Each structure stands twice: as structure tokens, then as C-alpha cells.
Amino acid sequence: MRLDIPAAFASPERGGFCTWSELDEMVRSGHVVVAAHGLTHIRLDDRAVDLRREIDEPARILRQRLGGEVDAFVY
């Protein structure tokens, strides 16, 4: 189910995404670098988009939850 993106968004409680503890374990392994992704998954080329919210907020959340630096963004 983790690779079935529409189903994962429809029912995240069914395990479609990694849990915070899984992400934490991956980060602690030293083999994974965490990158932020758009907060609401909207197009970023619209002048009305709040880029600080869409780009900076996900990085802040990841840093807070995982305790490491997040200096990459994946579009």
C-alpha cells in the first residue's frame, strides 16, 4: 500500500506513509538524508502561493520532529 499514493492519501491510518518513528530510525542510521516537500502539494509557480509556508514550514516540522537539519527540498 505504501506505493499506492491515492490510497495512502485516502486512508493514511492504513500505513500508506512512514511513521515518525520509522523516519527517526532511518535518520539515525546515517544512511538517509531527509528532504522537505511542499506542505500542501500545490503548484509553486503561482504568484499567489506563500512560498515561505509551502517550503519553509515542512522543513521546520521535520527538523522539530526528527532533530536534524533539513536543507533539501524535493519538488
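Above this note sits the structure.
Summary of the structure given here. Being a predicted model, the structure only gives us computed values, none of them experimental.

1. Details of the layout of surface pockets
The space that makes up the largest pocket amounts to roughly 830 Å³. Around the largest pocket, the lining comprises 24 residues; the ones closest to its centre are Phe 17, Leu 23, Ala 35, His 37 and Leu 62. Breaking the lining of the largest pocket down by element, the ones donating at least two residues are helix 1 (5-10), helix 2 (20-29), strand 1 (36-37) and helix 3 (51-66). With 4 residues, helix 3 is the largest single contributor of residues to the lining of the largest pocket.

2. A few points about the environment of Glu 57
Of note, Glu 57 is situated in helix 3. For Glu 57 and Ala 36, which are 21 residues apart along the polypeptide, the C-alpha to C-alpha distance reads 8.8 Å. Setting aside chain neighbours within four positions, we find Glu 57 in contact with Leu 39 and Arg 52.

3. Things to note about helix 3
Between its first and last C-alpha atoms helix 3 spans 22 Å; for 16 residues at 1.5 Å apiece the expected length is 22 Å, and the two agree. At Glu 57, helix 3 shows its largest bend, some 30 degrees, and a proline, Pro 58, comes one to four positions later. The complete set of buried residues in helix 3 reads Glu 54, Pro 58, Ala 59, Leu 62 and Leu 66. Where helix 3 is buried, its residues meet helix 2, strand 1 and strand 2 (73-74).

4. Observations concerning the packing of helix 2 against helix 3
Where helix 2 contacts helix 3, the axes come no closer than 10 Å and their chain directions differ by 80 degrees. Judged by the inter-axis angle, helix 2 sits roughly perpendicular to helix 3. Along its contact with helix 2, which presents Trp 20, Leu 23, Asp 24 and Val 27, the element helix 3 presents Ile 61, Leu 62, Arg 65 and Leu 66. Split by residue class, the contact of helix 2 with helix 3 holds 6 nonpolar, no polar and 2 charged.

5. Some remarks on unusual backbone geometry
The phi angle at His 41 is positive, at roughly 60 degrees, despite the residue not being glycine. Here His 41 lies in the loop between strand 1 and helix 3. For His 41, a relative accessible area of 47% puts it in the partly exposed group.

6. What about the environment of Val 74?
Within the secondary structure layout, Val 74 lies in strand 2. Residues Val 74 and Gly 38, spaced 36 residues apart in sequence, show a C-alpha to C-alpha distance of 7.9 Å. If sequence neighbours within four positions are ignored, Val 74 has contacts with Ala 35, Ala 36, His 37 and Gly 38.

Cut-offs applied
- Residues numbered from 1 in each chain as written.
- Predicted model: local features only at pLDDT ≥ 70, side-chain atom pairs only at ≥ 80, totals over all residues.
- Heavy atoms only, no water.
- 1 Å grid on protein atoms, 1.4 Å probe; cavity = no way out; pocket = protein on both sides within 12 Å on 5 of 7 lines; lining within 4 Å.
- Points joined across faces, edges and corners; volume = space filled by probe spheres on them.
- Helix = DSSP H or I, 4+ residues; strand = E, 2+ residues; numbered from the N terminus.
- Contact = heavy atoms within 4.5 Å.
- Expected span 1.5 Å × (residues − 1).
- Bend = angle between axes of the 7 residues up to and from the residue.
- Buried < 20%, exposed > 50% of the residue type's maximum accessible area, 1.4 Å probe, protein only.
- Axes fitted to C-alpha atoms, helices over the stretch in contact; angles between N-to-C directions.
- Parallel < 35°, antiparallel > 145°, perpendicular 65-115°, else oblique.
- Nonpolar A, V, L, I, M, F, W, Y, C, P; charged D, E, K, R; others polar.

By themselves, these figures tell us nothing about what the structure is for.
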